[in-house]
Amino acid sequence: MQGLRWVSLPPDERNEFLGDGGIGVLSFGTDTDDPPRSIPISYGYADETEQFYFRLSFPPETSKADVIENPVSFVVFGNEDGQWKSVVATGRLQELSSLPSESAAVQRMWAVSIPTVEIFDQPREDISFHDFRLETESITGRQEST
C-alpha cells in the first residue's frame with residue numbers, strides 16, 4: 001500500500017460502493033480523555049437521503065448506553081476490483097422507536113438490507129435490538145488513484 005494516492009469518490013460511485021447495506025465500524029465520541037468506543041457493525045444505507053441504519057443491542061456488559069447520545073463517525077472500507085475505497089460519515093444517532101411507523105425514516109429502515117452476523121452467545125430472537133439511523137452531518141468518500 002506504500003505510495004497510494006487518494007482522490008475523492010464521486011457520490012454516485014460512493015452510493016454504488018455502499019450498496020443498500022454491509023459492514024463497517026461505528027465509533028462513539030467520549031466526554032473524557034478516553035479513546036472513542038468503536039464497534040464493527042452491520043448497516044443499511046438509503047442513498048437518496050444519504051442515511052445509514054443500524055440495529056444495536058444493549059446487553060448488560062456493554063457500555064453503549066453510556067455513549068449512544070454522543071457524536072459518532074462511521075467508516076466503511078474495502079478493496080473493490082483491486083482498488084481501495086473508503087467512506088466516512090459523521091453525525092448523531094436517532095432511535096427510530098421515537099418516530100411513528102409511517103414516518104419516512106422508519107419506512108426506509110424497512111427498505112434497506114442490514115446483513116445478519118451471528119456474534120451472540122444466544123439465539124438472535126432472544127436478543128432485544130433497537131433501530132437507529134445516522135442523522136448524517138457529513139459524508140465523504142475516497143478511492144485509490146489509478
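Values in this document were obtained by computation on a predicted structure and should not be read as measured data.

(A) Quick peek at the pattern of salt bridges. The final tally for this structure, using the stated rule, is 4 salt bridges. Here Glu50 and Arg14 are joined by a salt bridge, their closest N and O atoms 2.3 Å apart. Pair noted here: Glu50 is in the loop between strand S3 (37–46) and strand S4 (51–57) and Arg14 is in helix H1 (residues 11–18), with a separation of 36 residues, a long-range link. By relative accessible area, which is 28% here, Glu50 ends up partly exposed. Relative accessible area serves as the criterion here: at 5%, Arg14 is assigned to the buried category. We note a salt bridge from Glu135 to Arg133, for which the minimum N-O separation is 3.7 Å.

(B) Seen up close, unusual backbone geometry. The backbone of Glu50 shows a phi angle near 50 degrees, a positive value even though the residue is not glycine. Look at Asp81: it is not a glycine, yet its phi comes out positive at around 55 degrees. Along the chain, the position of Asp81 falls in the loop between strand S5 (72–80) and strand S6 (83–95).

Each value, and the rule that gives it
- Residues numbered from 1 in each chain as written.
- Predicted model: local features only at pLDDT ≥ 70, side-chain atom pairs only at ≥ 80, totals over all residues.
- Heavy atoms only, no water.
- Salt bridge = Lys/Arg side-chain N within 4 Å of Asp/Glu carboxyl O.
- Helix = DSSP H or I, 4+ residues; strand = E, 2+ residues; numbered from the N terminus.
- Buried < 20%, exposed > 50% of the residue type's maximum accessible area, 1.4 Å probe, protein only.

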